[in-house]
Amino acid sequence: MKIEQAYTIVTSPGRNFVTLKIVTDQGEYGIGDATLNGREMAVVAYLEEHVIPTLIGRDPQRIEDIWHYLYRGAYWRRGPVTMTAIAAVDMALWDIKAKLAEMPLYQLLGGKSRDRVMVYGHATGRDIDACLEEVARHVDEGYKAVRVQAGIPGIASIYGVAKKDGEPYEPADADLPAEHVWSTSKYLNHVPKLFAAVRERFGDDLHVLHDVHHRLTPIEAARLGKEVEPYHLFWLEDCVPAENQEAFGLIRQHTTTPLAVGEVFNSLFDAKTLIENQWIDYIRTTLTHAGGITHVRRIADLAGLYHVRTGFHGPTDLSPVCLGAAIHFDTWVPNFGIQEYMPHTSATDEVFPHDYRFENGHFIVGETPGHGVDIDEQLAKQYPYKRASLPVNRLEDGTLWHW
Ligand SMILES: O=C(O)C(=O)C[C@H](O)[C@H](O)CO
Ligand SMILES: [Mg+2]
């Protein structure tokens, strides 16, 4: 069997998605998600110019060999563009292999470790009261875990909090980057009040999560972790930027609040020190941005040795192809923690027909051979690519900050 054809499909049913389709000489095909939010066309160029020509004629069943060919062969290792391109190939090849085996992907990985996959939803509001209403809506919809982000008095707009209550937030919401202004002191003073109000209204059973989105220094993160300890967060996410993995050692000394990190990581090496030192509790690196199933499986296996569980990134800027493959991975992986979930628009769901389903705060994996997600290429053509940029953040004195 040989790879006969491979091509990218860029579609924007509400937001941009990049999909790689690989077709064999025997008519079987697989698809992989290649969406790198805000840098979509860089991955398309990488795939079309440097990857696809090398795939033609190869045996699609040699997933491991093709992974190393693309990783080692590039010489220039790692990086989000390279690792997203490799991930798209890898995901498509696992899709093909599972279809050939006439098995849903989770079976090929080793079978079910669980019957269903717990997810967390996103509640945001302009203030604490509006936010609590959104948490209540999620609880009514069956969610067992909710990420909670509220507006902060004195900060005009914050990335991750919807512009209108009740609507999802969109990271890439402008042609060129929007600018926000950030105040760490206002934020630190407010967040404990938010979680006190959440526990007061919803009691102790609901799992609550919070994303700091890289905006603190280690000692500030340590303070926040300590101050929210009474509210028993499921996790505190990305409390500092993680290029300096040792920073987490400092935070860890000060707080028992569980720590999650890794949505911007693209390889095992970004997480190795964090995992081996047990400085984190959840690894968020997802299939699309870190070399696909083949590489993320290695990260999960290392994490499992150190009691670190998975909590894959899953915002709407990853396509249903990534979500579908992630649900198979989550169903199999022994050290599963939780899966992030932001529902896609109905237009996106129509472009990407899938067999996973949401039920009572969990995903139930499908039984279709492969990863269970397809693409309607005709429909995809109706939604052309539109440049969309992620925002930037500045401190009140104008210093460029993490957003
Ligand atoms: O889902 C999350 O936790 C995020 O932080 C979302 C990211 O900001 C988003 O994927 C950026 O494209
Ligand atoms: Mg995040």
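Residues numbered from 1 in each chain as written. Chains lettered and ligands numbered in written order. Predicted model: local features only at pLDDT ≥ 70, side-chain atom pairs only at ≥ 80, totals over all residues. Heavy atoms only, no water.

- Per an unreviewed UniProt entry, the protein carries the name D-galactonate dehydratase family protein and comes from Vreelandella janggokensis.

## Focus on empty space enclosed by the protein
Phase 1 of the analysis: With the rule as written, the count across this model stands at four cavities of 30 Å³ or more.
Phase 2 of the analysis: Computed from the structure, the largest cavity encloses a volume of approximately 60 Å³.
Phase 3 of the analysis: For the lining of the largest cavity, the secondary structure elements donating two or more residues are β5 (145-150) and α6 (184-202).
Phase 4 of the analysis: The biggest single contributor to the lining of the largest cavity is α6, with three residues.
Phase 5 of the analysis: Residues belonging to the lining of the largest cavity are distributed by class as follows: nine nonpolar, two polar and one charged. (1 Å grid on protein atoms, 1.4 Å probe; cavity = no way out; pocket = protein on both sides within 12 Å on 5 of 7 lines; lining within 4 Å. Points joined across faces, edges and corners; volume = space filled by probe spheres on them. Helix = DSSP H or I, 4+ residues; strand = E, 2+ residues; numbered from the N terminus. Nonpolar A, V, L, I, M, F, W, Y, C, P; charged D, E, K, R; others polar.)

## A few points about the packing of aromatic side chains
Phase 1 of the analysis: The full count for this structure, using the stated rule, is 17 aromatic pairs.
Phase 2 of the analysis: Both rings, one in Tyr159 and one in Trp403, keep their centres 4.6 Å apart while their planes meet at 90 degrees; by these two values the pair is edge-to-face. Of this pair, Tyr159 sits in the loop between β5 and β6 (179-182) while Trp403 sits in the segment after β16 (400-401), placing them 244 residues apart in sequence.
Phase 3 of the analysis: Tyr159 gets classed as buried once you look at its relative accessible area, which sits at 11%.
Phase 4 of the analysis: Every member of this aromatic cluster is reached through a ring pair, and the members are Tyr143, Tyr341, Tyr356, Phe358 and Phe363.
Phase 5 of the analysis: It is Arg15 that lies over the ring of Phe17; its NZ or CZ is 5.9 Å from the centre.
Phase 6 of the analysis: When the ring centre of Tyr69 is taken as reference, the NZ or CZ atom of Arg58 above it lies at 3.8 Å. (Phe/Tyr/Trp six-rings, centres within 6.5 Å; stacked < 30°, edge-to-face > 60°. Buried < 20%, exposed > 50% of the residue type's maximum accessible area, 1.4 Å probe, protein only. Lys NZ or Arg CZ within 6 Å of the ring centre and 35° of its normal.)

## Examining helix α2 (residues 63-73)
Phase 1 of the analysis: Those residues of α2 not exposed but buried are Ile63, Ile66, Trp67, Leu70 and Tyr71. Mapping the buried residues of α2 onto a view down its axis gives an arc of 125 degrees, with all of them on the same face. Facing away from the buried side of α2 by more than 90 degrees, the exposed set consists of Arg72 and Gly73.
Phase 2 of the analysis: Next to the buried residues of α2 lie β1 (3-11), α1 (40-55), α3 (80-100), α9 (268-276) and α10 (292-305).
Phase 3 of the analysis: Tyr75 occupies a position one or two residues after α2 and carries a positive phi of about 70 degrees. (Arc of directions from axis to C-beta. Contact = heavy atoms within 4.5 Å.)

## A look at the site of ligand 1
Phase 1 of the analysis: Close contacts around ligand 1 come from 14 residues, with Asn37, Tyr159, His213, Glu263 and Glu340 the closest.
Phase 2 of the analysis: The contact in question runs from an oxygen atom of ligand 1 to an N or O atom on the side chain of Glu237, over 3.0 Å.
Phase 3 of the analysis: One nitrogen or oxygen atom from the side chain of His313 is found 3.1 Å from an oxygen atom belonging to ligand 1.
Phase 4 of the analysis: Burial of ligand 1 by the surrounding chains reaches 94%, relative to a free accessible area of 330 Å².
Phase 5 of the analysis: When each cavity is represented as a set of grid points, ligand 1 is found to reside in the largest pocket.
Phase 6 of the analysis: Of the residues in the shell around ligand 1, the class split is four nonpolar, three polar and seven charged. (Near = heavy atom within 4 Å. Polar contact = N/O pair within 3.5 Å; in protein donor to acceptor, adjacent residues only side chain to side chain. Areas by Shrake-Rupley, 256 points an atom, 1.4 Å probe, with all protein chains shown as cover. Sits in = over half its atoms within 2 Å of the grid points.)

## Re the coordination of the magnesium ion (ligand 2)
Phase 1 of the analysis: Those protein atoms acting as donors to the magnesium ion (ligand 2) are Asp211 (OD), Glu237 (OE) and Glu263 (OE), and they sit at 1.9 to 2.2 Å.
Phase 2 of the analysis: One chain supplies every donor for the magnesium ion (ligand 2), spaced along it as D-x25-E-x25-E. Here Glu263 lies in the loop between β9 (259-261) and α9 and Glu237 lies in strand β8 (residues 235-237), a separation of 26 residues in the sequence. For the pair Glu237 and Glu263, a shared accessibility class is recorded, and that class is buried. (Donors = N, O, S within 2.8 Å, 3.2 Å for Na, K, Ca; no water.)

## Considerations on the sheet that holds strand β2 (residues 17-24)
Phase 1 of the analysis: Strand order in the open sheet formed by three strands is β1-β2-β3, and the pairing between neighbours is antiparallel. Edge positions in the sheet fall to β1 and β3 (29-33), since each of these pairs with one other strand and no more. Direction aside, the axes of adjacent strands within the sheet are offset by 20 degrees on average.
Phase 2 of the analysis: Pairing between β1 and β2: eight bridges, direction antiparallel. Note on β2: the bridge partner recorded for Thr8 is Leu20. (Pairing = 2+ DSSP bridges. Axes fitted to C-alpha atoms, helices over the stretch in contact; angles between N-to-C directions.)

## Here we look at the pairing of strand β12 (residues 336-340)
For a regular strand, side chains alternate in direction, first toward one face of the sheet and then toward the other.
Phase 1 of the analysis: Within β12, five of the five residues are buried, leaving the element largely enclosed by the surrounding structure.
Phase 2 of the analysis: Bridge count for strand β4 (residues 117-125) against β12 is two bridges, and the pairing is parallel. Opposite Tyr120, over in β12, you have Glu340 as the bridge partner.
Phase 3 of the analysis: The parallel pair strand β11 (residues 309-312) and β12, bridged by helix α11 (residues 320-332), forms a crossover whose chirality is right-handed. (Right-handed = clockwise from strand over helix to strand, strands pointing away.)

## Focus: α1
Phase 1 of the analysis: Here α1 spans 21 Å end to end across 16 residues, near enough to the 22 Å set by a 1.5 Å rise per residue.
Phase 2 of the analysis: Turning to α1, its buried residues are Glu40, Val43, Val44, Tyr46, Leu47, Val51, Ile52 and Leu55.
Phase 3 of the analysis: Gly57 occupies a position one or two residues after α1 and carries a positive phi of about 95 degrees. (Expected span 1.5 Å × (residues − 1).)

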